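Read off the chains here:
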Amino acid sequence: MSSSASATSRLSVMSMAASLPSVGGYSSAASSIYAKRNTTNILERHLNKTRGTEVSVNAFAFLFSEMLQYTQKRVNGIQDLERKLNELGYRVGIRALDLLVWRDKNSKRETRVLGMLYFIHTTVWKTMFGKQADSLEKSTENEDEYMISDNDPMVSKFISIPKDVSQLNCGAFMAGIVEAIMDGCQFPSRVTAHTVPIDSFPLRTTILIKLDREVLDREEQLK
Amino acid sequence: MTKQYKTLGDDIWKNKVEKINAELFTLTYGSIVAQLVKDYEDFTEVNKQLEKMGYNIGTRLIEDFLARSGVGRCQDFRETAEMVSKVGFKMFLNITPAVTNISADGREFSLVLDENPLAECVELPDQALVDELWYSNILCGVLRGSLEMVQMQVDAFFVTDTLRGDDMTEIRVKLIRYLEEEVPAGED
């Protein structure tokens, strides 16, 4: 999944329309009038208009649970379900990235792996989930693996997992968001979510980021 | 009377509700709609699915609402309208749509949303405009589901939507009938 969205300062249109497929052909003057009216409106909105707005966590929890139920009916297997959640998170991530980078006071683009991961660990987590992620670790076994952990992920808080699908992790949604942000900043990688419960935090989720070969090569060159 | 609902709604929002970033919510909803469009490719079907999802949410949301607000039964449908707009919407979405166009017999009303957190920064493709996609149709389902759980069968549907180029976003809610409490079979 490669995304060409790059974090530039160009005023980007967060248009859902870009990814909605067009069905069939049509040509109608009335519709293009609609399109014109909408386009000018959406481009004139200030991007900070919705900054800091809030909704209740219940609303999000209900929405997420419906999303899960809907996806569950259309897949077979846990892997497939996690992949679909990842896809849904991906769409959120590419759009969130533009907003986050535009609003970030530090206007320099991240080119180093550690800087990028730090950005995700602090800024992304803080804006999306209201707090920084709980830890950022480098794997000792593999060069290309990093882990970001969240002790109490908001998305999984209200989901109860039945025994027969105990391997499912709804953090796959968060993993999708992270994957989109990594791709968007030119750090292609594979991102997955794993539950790593410890004593005081049974819901602790670790996001495992496995960087692609090219990122490591580039990192070597930059050293 | 509306004043007290407004203060109640504000109070619950300020004190009893845990809050999250609205943009995450908006983007998640957009992702869901995009997924539905990809799966169904027919916008009327997408509308139906959104309404169904909303109905499922509504049946559970009403309990959360009653638990948090602790309000009693509404005297008439007008009061229901005020409750929904001042307390319900405020509690979950932090908006208070205006109640307008109450019909003479008091069995219909309109909710006019001046801001819709589900549809921030959304632009519909032309095909969706032609085929009548109601982007926030999940709200209609939520209304239908939650009111059915309190013995009111209603019909909720969008009349206008700013995403489609109209001036405002309006949901019309019609009371069809009050439902009788049914004794479950087997109990006497």
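Above this text sits the structure in question.
Remember, predicted model here, so these are calculated numbers, not experimental data.

Asker: Talk me through the overall build of chain B; I want residue IDs and the actual numbers.
Answerer: Assigned secondary structure in chain B consists of 6 helices and 5 strands. Ordered by position from the N terminus, the helices and strands of chain B form the series α-β-α-α-α-β-β-α-α-β-β. With respect to the principal axes defined by its C-alpha atoms, chain B has extents near 50 × 40 × 35 Å. Every one of the 188 residues in chain B was classed for burial, and the buried ones make up 58%. Looking at chain B alone, contacts between residues at least 24 apart form 61% of all its contacts between residues at least 6 apart. Taken as a whole, chain B presents about 8300 Å² of accessible surface, with 47% of it coming from carbon and sulfur.

Asker: Residues and numbers for helix α4 (residues 77-93) of chain B, please.
Answerer: Residues and elements named next belong to chain B. Roughly 35 degrees is the biggest bend found in α4, and it falls at Val84. By the criterion of burial, α4 is predominantly enclosed, with 16 of the 17 residues buried. Positioned one or two residues after α4, Asn94 has a phi angle of 60 degrees, which is positive.

Asker: Summarise the packing of helix α4 (residues 113-129) of chain A against helix α5 (residues 172-184) of chain A; cite the residues concerned and give the values.
Answerer: Residue and element names in this part refer to chain A. Across the interface, α4 lies against α5 with an axial gap of 11 Å and an inter-helix angle of 130 degrees. Judged by the angle between their axes, α4 and α5 are oblique. Classified by chirality, the crossing of α5 by α4 is right-handed. Across from Met116, Leu117, Ile120, Val124, Trp125 and Phe129 in α4, the residues of α5 making contact are Met174, Val178, Ile181 and Met182. Considering only residue class, the contact of α4 with α5 consists of 10 nonpolar, no polar and no charged.

Asker: Tell me what's going on with the packing of aromatic side chains, and back it up with residues and numbers.
Answerer: Both the distance between ring centres and the angle between the ring planes are used here to describe each pair of aromatic rings. Counted by the stated rule, this structure contains 7 aromatic pairs over all chains. Between Tyr29(B) and Tyr135(B), the aromatic rings sit 5.3 Å apart at their centres with planes inclined by 90 degrees, giving edge-to-face as the arrangement. Placement of the pair is Tyr29(B) in helix α2 (residues 22-40) and Tyr135(B) in the loop between α5 (126-130) and α6 (138-149), with a sequence separation of 106 residues. In this structure Tyr135(B) comes out as buried when scored by relative accessible area, which is 2%. Ring pairs connect the aromatic residues Phe60(A), Phe64(A) and Phe173(A), which therefore count as one cluster. Residue placement shows Arg218(A) over the ring face of Phe187(A); its charged tip is 4.9 Å from the ring centre.

Asker: Please set out the side chain of Asn86(A) residue by residue, giving values where relevant.
Answerer: With respect to the element layout, Asn86(A) can be found in helix α3 (residues 78-103). A distance of 3.4 Å separates the side chain of Asn86(A) from the backbone oxygen of Val191(A), its partner in a polar contact.

Asker: Please set out the state of the cysteines residue by residue, giving values where relevant.
Answerer: Following the criterion strictly, the structure yields 0 disulfides over all chains and no others. Among the cysteines around Cys185(A), which has no disulfide bond, Cys121(B) carries the closest sulfur, lying 19 Å off. Accessibility expressed as a relative area gives 11% for Cys185(A), which makes it buried.

What counts and what doesn't
- Residues numbered from 1 in each chain as written.
- Chains lettered and ligands numbered in written order.
- Predicted model: local features only at pLDDT ≥ 70, side-chain atom pairs only at ≥ 80, totals over all residues.
- Heavy atoms only, no water.
- Helix = DSSP H or I, 4+ residues; strand = E, 2+ residues; numbered from the N terminus.
- Buried < 20%, exposed > 50% of the residue type's maximum accessible area, 1.4 Å probe, protein only.
- Contact = heavy atoms within 4.5 Å.
- Areas by Shrake-Rupley, 256 points an atom, 1.4 Å probe, with all protein chains shown as cover.
- Bend = angle between axes of the 7 residues up to and from the residue.
- Axes fitted to C-alpha atoms, helices over the stretch in contact; angles between N-to-C directions.
- Parallel < 35°, antiparallel > 145°, perpendicular 65-115°, else oblique.
- Left-handed = near helix turned anticlockwise from the far one by under 90°.
- Nonpolar A, V, L, I, M, F, W, Y, C, P; charged D, E, K, R; others polar.
- Phe/Tyr/Trp six-rings, centres within 6.5 Å; stacked < 30°, edge-to-face > 60°.
- Lys NZ or Arg CZ within 6 Å of the ring centre and 35° of its normal.
- Polar contact = N/O pair within 3.5 Å; in protein donor to acceptor, adjacent residues only side chain to side chain.
- Disulfide = S-S within 2.5 Å.

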